[in-house]
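Results of the structural survey
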Amino acid sequence: MLTQADVHWIELDSVDSTNDYLARAYLDGQAAGTTAVLAHAQTAGRGRAGRQWCAEPGSSLCLSLGVPVAGYHLPALPICTGVAIGRVLSQLNVPVRLKWPNDLLIDNRKLGGVLCESFQSPSGPVTVIGVGLNIRKVNMTAPTPGLDIACLADCLVEADLPDLHRLAGDLVNSILEVIDSARLHGTAAVFSEFAGRDAWLGKSVQLLDQGVVCMTGTAMGLDSSGAYLLDTAQGLRSVMAGDLSLRVCE
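What comes next is a walk through the structure. On a predicted model such as this, the values are computed, not experimentally measured, just so you know.

On to the overall build of the protein chain. Helices and strands together make up the secondary structure of the protein chain, namely four helices and twelve strands. The burial tally for the protein chain puts 52% of its 250 residues in the buried class. Long-range contacts, defined as pairs at least 24 residues apart, comprise 66% of the intrachain contacts of the protein chain with a sequence gap of at least 6.

Following this line, the structure appears as structure tokens:
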């Protein structure tokens, strides 16, 4: 079982990418077990498909968590992470929704995202879970075309914005809890919780691959494997995670 008590924490004023920093630490033998990196600024952060995610000081939570788990052992890890983040933000009365496979939204505007990357380190398999959350709008540009930016300050007054250290700790604890639950009991309950926050469920959507529309239909939610289902003119189709994006049809 993974617990927050086992987490080794690293805090940085600035970093190129928390995911890249943590991956280098594992590969160089400087990190092992469960390790988290919290940075206050990020100059070369990455989202899915290599999209840029930079963060000015005070603008964002930049967090990466390394766990000794091979990605293929828990292929639905981005979904599990989104559900875990949703639980924490709900406690702050932030109405977060989840956009498959790894975006966090408020009113269809991008609040943040998740990026999971697996590799083999000298001490064994590792998956690094990157979490980016917008706190305040400080020189922000949308990393995902077609999505406007949201931030926690849109929902909370300054006095109610969470302390970054506490927020990071709560997120790590929640992520580890969901991972352990999924490993011990399966993903059915996690997928059901995702359905309750599914931003596109029941809506007409387009499926894009590198900006090109490859499928249209009605969003039907997750199947038992974590693939996303679309009800198309050609029948029910399942889509696995990858360089794919769902967009609500105009």
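After presenting the structure, the write-up continues.
Our focus in this paragraph is the side chain of T35. Counting through the fold element by element, T35 comes out in strand β2 (residues 35-39). Apart from the residues within four sequence positions on either side, T35 is in contact with V7, H8, I10, L22, Y26, S64, L65 and G66.

What follows concerns the packing of aromatic side chains. Considering all chains together, one arrives at two aromatic pairs under this definition. Their ring planes at 65 degrees and their centres at 6.3 Å tell us that Y26 and F119 sit as a pair that is edge-to-face. With Y26 in helix α1 (residues 18-27) and F119 in strand β6 (residues 109-121), the pair connects residues that are 93 residues apart, well separated along the chain. Taken as a pair, Y26 and F119 share a single burial class, namely buried. Their ring planes at 40 degrees and their centres at 5.5 Å tell us that W100 and Y228 sit as a pair that is tilted. Here W100 is found in the loop between β4 (97-99) and β5 (103-106), whereas its partner Y228 is found in strand β10 (residues 228-232), with 128 residues between them in sequence. The same class applies to W100 as to Y228, namely buried.

A few words now on the sheet that holds strand β7 (residues 124-134). An order of β1-β2-β3-β7-β6-β5-β4 is seen for the seven strands of this open sheet, with the pairing classed as mixed. Every interior strand has two partners, whereas the edge strands, β1 (8-12) and β4, have only one. Between one strand and the next, the sheet's axes are offset by a mean angle of 20 degrees, whatever the strand orientation. By the bridge criterion, four bridges tie β5 to β6 in an arrangement that is antiparallel. Across the sheet, the residue bridging to D103 is G113, located in β6. Its contacts with the sheet place α1 against β1, β2, β3 (60-67), β6 and β7, and it is angled at close to 25 degrees to β3.

Rules used throughout
Residues numbered from 1 in each chain as written. Predicted model: local features only at pLDDT ≥ 70, side-chain atom pairs only at ≥ 80, totals over all residues. Heavy atoms only, no water. Helix = DSSP H or I, 4+ residues; strand = E, 2+ residues; numbered from the N terminus. Buried < 20%, exposed > 50% of the residue type's maximum accessible area, 1.4 Å probe, protein only. Contact = heavy atoms within 4.5 Å. Phe/Tyr/Trp six-rings, centres within 6.5 Å; stacked < 30°, edge-to-face > 60°. Pairing = 2+ DSSP bridges. Axes fitted to C-alpha atoms, helices over the stretch in contact; angles between N-to-C directions.

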